[in-house]
Amino acid sequence: KESAYGFALYGAITCGLLGNYEDGYRLGKLSLMLLERFNARHMRARVFSIVYALINNWVEPLQSAIQPLKEAIDVGLLTGDPEFAMVNAQCYQGLALASGRALGPLMDEMRAYSKQMLELNQALMHTLNTPVRQFTLNLLGRSSDPTKLVGEEMDEENLLRDAENGGQRTIISIALFHRMWLEYLFGHYERAA
């Protein structure tokens, strides 16, 4: 049953690090088949987070991952895996945003998941998700400078300083990626580069 997760991880490595999308995609499909064959519902949130956020987007449209990621949130919560339920929430929000979902309703969902992350003691996912929420608010016109991650959800200087002091490179890269995306969207191409 647990081998489904192993195959999914190997598929993500095969796609992301080795650039072999066809074989990585096949490994992702194999991991999904193993989930079904062994009725490994308790592994579904873990496997879906890898397959639908790190593998399938190399081959399939982003939109095809939206519903499975939402399903994985619910399944993770029902099977006692809040960590991967919230990993899927993070992935869902990022893919929904990138695939053109309506920003207002998406922001409402983001706020609900943000609250849920805190209630489930998933502080890391909540922190990693903060730039995504502020990015969305910026696109909704709710920041004094649309190219800076400053507003209701965060202040990028404080977040980056705290992340630097704590050695949290992942949050730094997420924040800088979203700031770069804003700079590009609002025509500051040189700053985005």
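On a predicted model such as this, the values are computed, not experimentally measured, just so you know. (Residues numbered from 1 in each chain as written. Predicted model: local features only at pLDDT ≥ 70, side-chain atom pairs only at ≥ 80, totals over all residues. Heavy atoms only, no water.)

Asks: What should I look at first to understand the overall build of the protein chain in this one?
Replies: Of the regular secondary structure elements, the protein chain holds 10 helices and zero strands. Starting at the N terminus and walking to the C terminus, you meet the elements of the protein chain as α-α-α-α-α-α-α-α-α-α. Computed over its C-alpha atoms, the radius of gyration of the protein chain comes to 17 Å, within 12% of the 16 Å expected for a compact globule of 193 residues. Across the protein chain, the fraction of contacts at a sequence separation of at least 24, relative to all contacts at a separation of at least 6, is 59%. (Helix = DSSP H or I, 4+ residues; strand = E, 2+ residues; numbered from the N terminus. Rg over C-alpha atoms; globule rule 2.2 N^0.38 Å. Contact = heavy atoms within 4.5 Å.)

Asks: I keep staring at the packing of helix α5 (residues 82-98) against helix α6 (residues 103-119) and nothing clicks. Help me out?
Replies: How two helices pack is summed up by the angle between their axes together with the distance between the axes. Put simply, α5 and α6 touch, their axes get as near as 11 Å, and they point 165 degrees apart. The angle between α5 and α6 places the two elements in the roughly antiparallel class. The chirality of how α5 crosses α6 is left-handed. Here α5 contributes M86, A89, Q90, Y92, Q93, A96 and L97 to the contact with α6, which in turn contributes L103, L106, E109, M110, Y113, Q116 and M117. Classifying every residue of the contact of α5 with α6 gives 10 nonpolar, three polar and one charged. (Axes fitted to C-alpha atoms, helices over the stretch in contact; angles between N-to-C directions. Parallel < 35°, antiparallel > 145°, perpendicular 65-115°, else oblique. Left-handed = near helix turned anticlockwise from the far one by under 90°. Nonpolar A, V, L, I, M, F, W, Y, C, P; charged D, E, K, R; others polar.)

Asks: What is the right way to look at the packing of aromatic side chains in this model?
Replies: Each pair of aromatic rings is reported with the distance of its centres and the angle of its planes. Counted according to the given criterion, the structure contains seven aromatic pairs. Residues Y92 and Y113 carry aromatic rings whose centres are separated by 6.2 Å and whose planes lie at 75 degrees to one another, so their mutual orientation is edge-to-face. Residue Y92 is located in helix α5, and its partner Y113 is located in helix α6; the two are separated by 21 residues in the primary sequence. By the burial criterion, Y92 is buried, and Y113 matches it. Cluster of aromatic residues (ring-pair linked, three or more members): F135, F177 and W181. (Phe/Tyr/Trp six-rings, centres within 6.5 Å; stacked < 30°, edge-to-face > 60°. Buried < 20%, exposed > 50% of the residue type's maximum accessible area, 1.4 Å probe, protein only.)

Asks: Quick question: what am I supposed to make of unusual backbone geometry here?
Replies: A negative phi angle characterises most non-glycine residues, just as the trans form characterises most peptide bonds. Despite not being glycine, N39 shows a phi value in the positive range, around 50 degrees. Of note, N121 is a non-glycine position whose phi angle comes to about 60 degrees, a positive value. Looking at where N121 falls in the secondary structure, it is placed in the loop between α6 and α7 (123-139). Judged by its relative accessible area of 66%, N121 is exposed.

Asks: What am I meant to see in the nonpolar core here?
Replies: In a soluble, globular protein the nonpolar side chains are often hidden away together inside. Core analysis: the biggest nonpolar cluster contains 54 residues, and L35, V47 and Y92 have the highest contact counts within it. Of all the elements, α5 adds the most residues to this core, at 10 residues. Those residues in contact with L35 that lie beyond four places of it in its chain are A4, A40, M43, R44, V47 and F48. (Core = buried A, V, L, I, M, F, W, Y, C linked by side-chain atoms within 4.5 Å.)

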